[in-house]
There are 2 protein chains.
Amino acid sequence: MARPAKTPRKTYHHGDLRNALLTAAREVLEERGPSFLGLREISRRVGVSAPSAYHHFPSRDAIALGLAEQGAAELAACLAAAPPNPGGSLLTYGEAYIAFVRANPALYRLMFGEGFPAVSEHSAAIRALRTRSYEIMKASLESRLTAAELPIAGLFLWALVHGLGLLLIDRQIVRDDDLNDVIRRVLTLAGTGLMRGPGRHDGK
Amino acid sequence: MARPAKTPRKTYHHGDLRNALLTAAREVLEERGPSFLGLREISRRVGVSAPSAYHHFPSRDAIALGLAEQGAAELAACLAAAPPNPGGSLLTYGEAYIAFVRANPALYRLMFGEGFPAVSEHSAAIRALRTRSYEIMKASLESRLTAAELPIAGLFLWALVHGLGLLLIDRQIVRDDDLNDVIRRVLTLAGTGLMRGPGRHDGK
DNA sequence: GCATAATTCTAACACTGTAAAGATTGAACG
DNA sequence: CGTTCAATCTTTACAGTGTTAGAATTATGC
C-alpha cells in the first residue's frame with residue numbers, strides 16, 4: 001500500500017520536485033538508514049510516481065550524490081562558523097567536525113561513498129567538496145606552523161577527526177566516560193604533537 | 001577444496017560450497033566493487049544456482065558478514081606479524097595497518113559496515129573482531145606510556161590510521177610525493193604527540 | 001485560443017533476494 | 001547388496017527494485 005504524501009498536491013505539476021526529492025531522501029536516510037534509500041521510497045514520500053524523478057535526476061545514485069554535495073557544503077559551513085579560538089583552534093575545529101559527524105551520521109558516510117558507486121565515481125567533483133573542510137582546518141593551523149609543515153599537519157588533523165568520527169558513529173568507542181571528554185582528550189593529545197611541529201624526532 | 005569456478009563440476013554435491021562462496025564473494029568484492037556483490041553473481045561464479053547458498057548462509061548479508069569477519073581476522077594477523085621495532089613501534093604498526101587497508105580497500109570498508117545492514121546490525125560480534133586490532137596497537141604503546149594514558153593514546157592511534165587509510169583509498173590524498181612518505185610523516189607527527197604523553201610532563 | 005514544451009503518469013522490462021517444493025546424491029543401517 | 005534418510009542442489013515462482021518507452025496532463029508563449 002502506497003502511503004500517500006503528507007498533503008496531496010493540487011497541481012499536476014509539483015513545482016519544486018527536485019528539492020522535494022532531496023529533502024525526502026534526506027529524511028529517509030537519517031530515519032531508516034542508507035539501505036532504505038530507494039527511489040520508490042523517496043518518491044512515495046513526496047507523493048509522486050517513481051519515474052518522475054528521472055526528469056530531475058539521471059539516476060537514483062544521482063540523488064545520493066546530491067545529498068552528498070549537500071552534506072559536504074554543510075560540513076564546510078559548520079567549520080567556517082566555528083567560534084575562532086586562537087588558543088585552541090585545533091580543539092575547536094576538531095570538535096565542530098566531530099559534532100557534525102555525530103549529528104548526521106548517515107549523511108557523513110554517504111559523503112564518503114558508502115554504498116553508492118556514483119559518489120566514488122564522480123569523485124572528481126565531490127572530492128573537491130570534501131577537501132574544503134580540510135582546507136579550513138589546515139588554515140586554522142597557519143598561525144603556529146610553517147608553510148612547509150602545513151600540508152602534513154592538516155592531513156594529520158583531517159585523518160584524525162575523520163577516523164574518530166567514523167569510529168564514534170560505528171559505536172566502536174565504548175567507554176564509561178563522557179564521549180565528549182574522550183574526544184577532547186584525543187584532540188588534546190594530537191595538539192601536543194602539533195605544538196612541537198612535524199620535524200623528525202631526533203633521538204635526543 | 002574450492003572447485004575451480006569456471007569448470008563445471010562433476011559431482012552433484014559441491015563438497016565445500018560454503019568456502020567456495022566466500023572466496024568467490026571476495027573476488028567479486030575486490031574486482032568489481034561492493035555494488036556488484038550480489039548473491040546471483042557469487043553463485044554464478046561458483047557454478048551453482050543462487051538459492052543453494054541458503055543452505056550455508058541465512059541471507060546475502062550473512063555472506064558479507066562472513067567476509068567482514070575474515071577481513072578483521074586477517075588485519076589482526078597482519079598487525080600481530082608486524083616486525084617488532086621497539087624504537088618506532090608506532091610507525092611499524094601504523095604502516096602495517098595502512099598497508100592492509102590499501103591492499104584490501106573494499107574488504108576494509110566492508111568491515112566497517114559499508115552498504116550491508118547486517119554488518120552494523122550484528123555489530124556485537126564484529127565490533128569485538130575490529131577491536132582486536134586496536135588492542136594490538138594499544139599494547140605496542142605499553143612500554144612508553146602509563147596505564148592511565150594507554151586507552152586514549154591507543155584510541156588516538158586507531159582513529160588516525162583508520163581515517164588515514166580511508167582517506168587514502170578514497171583517493172582523497174593527492175600529493176606529488178610518494179604516498180608512503182606522506183604516511184610516514186603523518187605517523188611521525190603523531191609520534192611526537194605520544195612521546196610527550198597526553199597533556200602532562202614528559203614521560204619516559 | 002492554440003501549439004508546443006515541460007512535466008507527470010502508467011505499463012513493462014530486466015534484474016534482485018528469497019521462499020517453496022521437487023530432483024539428486026552420499027551415508028547409515030538392515 | 002539394497003533401502004531409507006537426511007543433506008544438498010535444482011527449478012519455479014513471488015515481491016520488490018531501478019529504469020525505459022510512450023501516453024496523458026498541464027503550463028507557457030504566440
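Residues numbered from 1 in each chain as written. Chains lettered and ligands numbered in written order. Predicted model: local features only at pLDDT ≥ 70, side-chain atom pairs only at ≥ 80, totals over all residues. Heavy atoms only, no water.

Draft legend 1. Representation of the overall build of chain A in the model. Looking only at helices and strands, one finds nine helices and zero strands in chain A. The order of α-helices and β-strands along chain A, N terminus first, is α-α-α-α-α-α-α-α-α. Within chain A, the fraction of its 204 residues that count as buried is 50%. Taking the intrachain contacts of chain A between residues at least 6 apart in sequence as the baseline, contacts between residues at least 24 apart amount to 65%. In the structure as shown, chain A presents an accessible area of about 10,100 Å², 54% of it carried by carbon and sulfur atoms. (Helix = DSSP H or I, 4+ residues; strand = E, 2+ residues; numbered from the N terminus. Buried < 20%, exposed > 50% of the residue type's maximum accessible area, 1.4 Å probe, protein only. Contact = heavy atoms within 4.5 Å. Areas by Shrake-Rupley, 256 points an atom, 1.4 Å probe, with all protein chains shown as cover.)

Draft legend 2. The confidence of the model for chain A, seen in detail. With 83% of its residues at a pLDDT of at least 70, chain A reaches an overall mean of 85. Considering only residues more than four positions removed or in separate chains, one finds that residues 198-204 of chain A, a stretch of pLDDT under 50, has seven contacts. (pLDDT = per-residue confidence, 0-100.)

Draft legend 3. Just the protein's contact with DNA strand C, in detail. As a structural note, the neighbourhood of DNA strand C is formed by 22 residues, with Ser49 and His55 of chain A together with Leu39, Arg40 and Tyr54 of chain B the closest of them. Here, DNA strand C places atoms within 4 Å of the protein, and 55% of those atoms are sugar or phosphate. Take Ser49 of chain A: an N or O atom from its main chain is 2.7 Å from a phosphate oxygen of DNA strand C. A total of three residues in the surface near DNA strand C trace back to one element, the largest contributor, which is helix 2 (residues 39-46) of chain B. Grouping the amino acids of the surface near DNA strand C by side-chain chemistry returns eight nonpolar, nine polar and five charged. (Near = heavy atom within 4 Å. Polar contact = N/O pair within 3.5 Å; in protein donor to acceptor, adjacent residues only side chain to side chain. Nonpolar A, V, L, I, M, F, W, Y, C, P; charged D, E, K, R; others polar.)

Draft legend 4. The arrangement of the relation of the copies chain A and chain B in detail. For these two chains of identical sequence, chain A goes onto chain B by a turn of 180° and a shift of 0.0 Å along the axis, with RMSD 0.1 Å. The relationship between the two copies is best expressed as a two-fold rotation axis. The overlap is high: 98% of the interface residues of chain A also sit at the interface in chain B, so the same surface is used on both sides. (Least-squares fit on C-alpha atoms with pLDDT ≥ 70 in both.)

Draft legend 5. Representation of the packing of helix 4 (residues 89-103) of chain A against helix 8 (residues 150-169) of chain A in the model. All names here are of chain A. The contact between helix 4 and helix 8 brings their axes to 9 Å, and the two run at 35°. In terms of crossing hand, the pair formed by helix 4 and helix 8 is right-handed. Facing helix 4, whose interface residues are Leu90, Gly94, Tyr97, Ile98, Val101 and Arg102, helix 8 presents Leu157, Trp158, Val161, His162, Leu164, Gly165, Leu168 and Ile169. Of the residues belonging to the contact of helix 4 with helix 8, the class tally is ten nonpolar, three polar and one charged. (Axes fitted to C-alpha atoms, helices over the stretch in contact; angles between N-to-C directions. Left-handed = near helix turned anticlockwise from the far one by under 90°.)

Draft legend 6. Here's a closer look at the packing of helix 1 (residues 17-32) of chain B against helix 3 (residues 60-80) of chain B. All names here are of chain B. Following both chains from N to C, one finds helix 1 and helix 3 inclined at 80°, their axes separated by 10 Å at the closest point. With respect to their mutual orientation, helix 1 and helix 3 come out roughly perpendicular. Two secondary-structure elements touch here, helix 1 through Leu22, Ala25, Arg26 and Leu29 and helix 3 through Ile63, Gly66, Leu67, Gln70 and Glu74. Partitioned by chemical class, the residues of the contact of helix 1 with helix 3 number five nonpolar, two polar and two charged. (Parallel < 35°, antiparallel > 145°, perpendicular 65-115°, else oblique.)

Draft legend 7. Region of the structure containing the environment of Leu129 of chain B. All names here are of chain B. Tracing the backbone through its elements, the reader meets Leu129 in helix 7 (residues 123-139). Taking the relative accessible area as the measure of exposure, Leu129 reaches 22% and is therefore partly exposed. Linking Leu129 and Gln70, residues 59 residues apart in sequence, is a C-alpha distance of 9.5 Å. With near-sequence residues (within four places) excluded, Leu129 lies in contact with Glu69 and Ala72.

Draft legend 8. Up close: the interface of chain A and chain B. Each partner contributes residues to the interface: chain A has 42 residues there, and chain B has 42 residues. Contact between chain A and chain B buries roughly 3,700 Å² in total, counting both sides, with carbon and sulfur atoms accounting for 69%. Of all residues in chain A, Ile152, Gln172 and Leu189 of chain A give up the largest surface area on contact with chain B, accounting jointly for 18% of the area buried on that side. On inspection of chain A and its partner chain B, the count reaches zero salt bridges. Along the contact surface separating chain A from chain B lie ten residue pairs in polar contact (both at pLDDT 80 or more). For the side of chain A that touches chain B, the secondary-structure elements that each account for two or more residues are helix 7 (123-139), helix 8 and helix 9 (179-196) of chain A. The class makeup of the residues in the side of chain A that touches chain B is 21 nonpolar, twelve polar and nine charged. (Buried area = accessible area lost by both parts, 1.4 Å probe. Salt bridge = Lys/Arg side-chain N within 4 Å of Asp/Glu carboxyl O.)

Draft legend 9. A look at the environment of Ala81 of chain A. Within the element layout of this structure, Ala81 of chain A appears in the loop between helix 3 (60-80) and helix 4. Taking the C-alpha atoms as reference points, Ala81 of chain A and Ala96 of chain A, 15 residues apart in sequence, are found 9.1 Å from one another.

Draft legend 10. Molecular detail of the packing of aromatic side chains. All names here are of chain A. Evaluated as defined, the whole model comprises seven aromatic pairs over all chains. Judged by centre distance (5.9 Å) and plane angle (80°), the ring pair of Tyr97 and Tyr108 falls under edge-to-face. Placement of the pair is Tyr97 in helix 4 and Tyr108 in helix 5 (residues 105-111), with a sequence separation of eleven residues. Here Tyr97 and Tyr108 have matching classes, each one buried. Ring plane angle 50° and centroid distance 5.0 Å describe the contact between Tyr108 and Phe112, whose orientation is recorded as tilted. (Phe/Tyr/Trp six-rings, centres within 6.5 Å; stacked < 30°, edge-to-face > 60°.)

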